[in-house]
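The chain contents come next:
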Amino acid sequence: MIWIAILVIALAALVLLIEPFLRARNVAAPLDEEDYLAAQIADIARDREAGLISAEEAESADKEARRRLLAAHRAAEKKMEPPSRTALRPVVVALAALAPLAAFFVYGLLGNPSGETTRAGEELAARARVQMAADMSPEDRAQMISGMVEGLAARLEDNPDDLEGWTMLGRSYAVMGDYEKSAAAYDRAIALSPEDPNLHVNRIQALMSALDAKGEPMNEEAEAAVEALASLNRDHPFALYFQGLAASQKGDAEAAREYWSRLVAMMPEEAPERARLVEMINAL
C-alpha cells in the first residue's frame, strides 16, 4: 500500500513541477533582506544627517548596504525570470517520462518512511512559507515572520558561530520591537566580532530602546556597552553622546559638557541635532 501512496504523491508532485514551466510564474517578493537593507540605508542617512556618525562612516556603511541590497534584488530578479516555454518543452516531456522512475529510485536510496523530520524538509517548508506570505493578511504575515525569526534563533543555538545569523537575528528582533532580545543577539555577534563598531552601536541602540520603552534611564549594562564602543574609538559619535548622557544623569555636568562639546565640534553646522545638543549643554 505504501508504494501506491508514494506513486500518487509522485504523480501529484510531477504536475506541480511541470506546471510552472508552461506559464510565467508569479513569484512573491522576498520579505526580509531587501526590507532590512532598505531600512538600514534610511537609518544611515538619518544618523548622518543628525551628525551621529561621520561622513566617512556613513559613506562606507551606505555603500556596503546598497551593495548588499543590489545583490539581493538581482538574486530576486533571477528567480522571477521565467524560462522560455518553447525551449523547455522537450525537457518537460523528459521529466514527465522519467520523474516517476527517478522518484522511486531516490526514495529507495534516501527515503524516510519513518516520517522523521529532516533538515532538508525543514528548509523546503521554510521556503514554502515565504512564498505563501504574499497572500496573507498583515496579521497572519506578522505571525509567520515571528515564527521564522524564532526558528532562526533556534537554529543559531545549534550553530553559535554564525556571525551573520546573529546579526540578522538582532536586526529582526529590533524591527519587531523586541529590543531586549535584539540586544542579546547583538551581544552574541559581538562575541564573535568584538572589533566591529557597528555591532556595538546596534547593541547600544537596542538597549536604549528597551529602556526608553520602559521609561527608565541608562543602566549599568547600557553604560558598559557604551564604554566598550569607546574603547574601540574614543571619538565615536555614539560613544560621546551616551557618555555625556550617562554623566548628565549622574549629575556630573562638567563631564557631560566635555563629552557633548567634543561631539558638537564634530557635527556639521546644518545638522538638525546640533542645535538641540547645544541647548542640552547650556542647560547643564
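Residues numbered from 1 in each chain as written. Predicted model: local features only at pLDDT ≥ 70, side-chain atom pairs only at ≥ 80, totals over all residues. Heavy atoms only, no water.

**Side note on the pattern of salt bridges**
So, step 1. Counted according to the given criterion, the structure contains 12 salt bridges.
So, step 2. Each of R234, D235, E258 and R262 takes part in a single network of salt bridges with overlapping partners. (Salt bridge = Lys/Arg side-chain N within 4 Å of Asp/Glu carboxyl O.)

**Examining helix 12 (residues 253-266)**
Because the α-helix completes a turn every 3.6 residues, residues three or four places apart line up on one side.
So, step 1. Relative to the 20 Å expected for 14 residues at 1.5 Å per residue, helix 12 spans 20 Å between its end C-alpha atoms, a close match to the ideal helical length.
So, step 2. Listed in full, the buried residues belonging to helix 12 are A256, W260, R262, L263 and V264.
So, step 3. At its buried positions, helix 12 is contacted by helix 11 (237-249) and helix 13 (272-282). (Helix = DSSP H or I, 4+ residues; strand = E, 2+ residues; numbered from the N terminus. Expected span 1.5 Å × (residues − 1). Buried < 20%, exposed > 50% of the residue type's maximum accessible area, 1.4 Å probe, protein only. Contact = heavy atoms within 4.5 Å.)

**Here we look at the packing of aromatic side chains**
Aromatic rings considered in pairs are described by the distance between their centres and by the relative angle of their planes.
So, step 1. Here the structure, examined in full by the defined rule, presents three aromatic pairs.
So, step 2. Relative to F242, the ring of Y241 lies with its centre 5.1 Å away and its plane at 85°, an arrangement referred to as edge-to-face.
So, step 3. On the basis of relative accessibility, which here comes to 18%, the residue Y241 falls in the buried class.
So, step 4. A relative accessible area of 11% places F242 in the buried class.
So, step 5. Each residue in the set F238, Y241, F242 and W260 is aromatic and connected to the rest through ring pairs, giving one cluster. (Phe/Tyr/Trp six-rings, centres within 6.5 Å; stacked < 30°, edge-to-face > 60°.)

**Observations regarding helix 13**
So, step 1. Regarding helix 13, the residues found buried are R274, L277, M280 and I281. End-on view of helix 13: buried residues confined to an arc of 120°, all on one side of the axis. For helix 13, the exposed residues set more than 90 degrees away from the buried face come down to E279 and N282.
So, step 2. On its buried face, helix 13 sits against helix 11 and helix 12. (Arc of directions from axis to C-beta.)

**Overview of the confidence of the model for the protein**
So, step 1. Confidence along the protein averages 76 in pLDDT terms, with 60% of residues attaining 70 or more.
So, step 2. Taken together, the stretch residues 24-31 has pLDDT below 50 and engages in 15 contacts with residues farther than four places along the chain or on a different chain. (pLDDT = per-residue confidence, 0-100.)

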